[in-house]
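# Remarks on the overall topology
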Amino acid sequence: MESLDSDLLRTFVAVAEAGSVTDGAARIYRSQSATSLQIKRLETILGRPVFERHGRGVVLSDTGRRLLPVAQDVTARLDAVLRDISQDVVTGKLRLGIPDDHGQAKLTEIIAAFTRHHPKVELDVTCALSTGFPTALDKGSLDLAIYEVERPKKHEEVLFEDPTCWMSSVHRDFSAEETLPVAVFDHACWWRDVAIAALKARGKPYRIVYSSQSVSGVIAAVDAGIAIGLLGRSSLHPGLSIVGKSLGFKSTPASKLVMAENGTLETGPQNAMKAAIRAAFLAKV
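In this report, we go over the structure that sits alongside the text. Quick caveat: nothing in here was measured; it's all calculated off a predicted structure.

### Examining the overall build of the protein chain
Summing up its helical and strand segments, the protein chain has nine helices and 12 strands in all. Dimensions of the protein chain, computed from the C-alpha atoms along their principal axes, are close to 65 × 50 × 25 Å. Contacts spanning at least 24 positions in sequence make up 74% of the contacts within the protein chain whose residues lie at least 6 apart. When the accessible surface of the protein chain is summed, it comes to about 15000 Å², and 52% of that surface belongs to carbon and sulfur atoms. For the protein chain, the centre of its 34 positive side-chain charges and the centre of its 33 negative side-chain charges are spaced 4 Å apart.

Encoded structure:
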């Protein structure tokens with residue numbers, strides 16, 4: 001007879017508290033498909049459903065209502081044990097740099113979970129444009145940082161790879177435009193460099209009509225139908241469409257979200273944070 005493991009219970013609690021598989025998956029840093037498989041496995045073990053569909057979300061079944069308080073108690077006890085053990089081991093200070101836009105929500109959740117498990121670690125978090133993080137690491141003003149690059153170096157650990165593509169609003173057709181309106185990043189970064197290089201390689205007139213220092217700003221311009229923009233595929237939503245091939249663009253390189261540290265001796269907090277970040281991104285697969 002199969003038993004209920006804590007991972008299945010944690011997934012169940014996340015979906016139950018969020019009210020949807022999608023939002024529950026985000027809480028535990030898993031993909032929606034992986035979370036759905038976990039719920040199906042749980043239901044197979046129990047021999048009955050734990051959720052019922054309700055609009056775009058889910059509600060607890062009778063079985064789910066019986067299981068929830070038990071699952072919450074079990075996962076809370078496990079977290080408490082881990083916290084008690086961890087706080088005796090990991091102490092000190094960690095200076096961490098995270099991007100102020102792309103991936104910020106996910107990384108913020110990771111930091112919140114880390115703080116719960118390692119309450120004795122003093123975190124000094126810099127949330128800013130990540131283009132300056134490699135220099136900050138070299139100068140020793142940061143211990144650990146996460147940022148995006150096109151080509152990772154040996155010391156940079158890839159956490160997530162996001163293909164780039166040209167996007168436009170589904171409500172706007174730019175194929176007849178003689179001069180293509182474009183939205184780009186307004187600070188020196190490889191995203192802007194790749195976009196400009198792709199526009200020049202296309203060999204047709206273009207004009208920059210909108211610039212922003214954030215991913216959300218470029219998405220807003222594209223969403224509004226003002227321009228096309230080079231974005232990560234993870235930014236694609238029902239209001240946007242991929243238009244690179246139809247507009248004559250060649251393929252563009254993928255963005256790599258990487259984690260790197262300075263060259264000093266590794267510390268307990270540094271190793272613990274690296275493990276937490278690594279585990280969270282691996283859980284997405």
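Right, picking up where we left off after that structure.
### Considering the sheet that holds strand S8 (residues 180-185)
Ordered by their spatial adjacency, five strands build an open sheet running S9-S8-S10-S7-S11, and the pairing between neighbours is mixed. Unpaired on one side and paired on the other, strand S9 (206-212) and strand S11 (240-242) mark the two borders of the sheet. Within the sheet, the average angular offset between the axes of one strand and its neighbour, ignoring direction, is 40 degrees. Of the pairings in the sheet, the one linking S8 to S9 comprises six bridges and is parallel in character. Each bridged residue has a counterpart across the sheet, and for valine 184 the counterpart in S9 is serine 211. Lying over the sheet, helix H8 (residues 215-223) contacts strand S7 (164-169), S8, S9, strand S10 (228-232) and S11, oriented at roughly 135 degrees with respect to S10.

Rules and cut-offs
Residues numbered from 1 in each chain as written. Predicted model: local features only at pLDDT ≥ 70, side-chain atom pairs only at ≥ 80, totals over all residues. Heavy atoms only, no water. Helix = DSSP H or I, 4+ residues; strand = E, 2+ residues; numbered from the N terminus. Contact = heavy atoms within 4.5 Å. Areas by Shrake-Rupley, 256 points an atom, 1.4 Å probe, with all protein chains shown as cover. Lys, Arg positive; Asp, Glu negative; His and termini not counted. Charge placed at Lys NZ, Arg CZ, Asp CG, Glu CD. Pairing = 2+ DSSP bridges. Axes fitted to C-alpha atoms, helices over the stretch in contact; angles between N-to-C directions.

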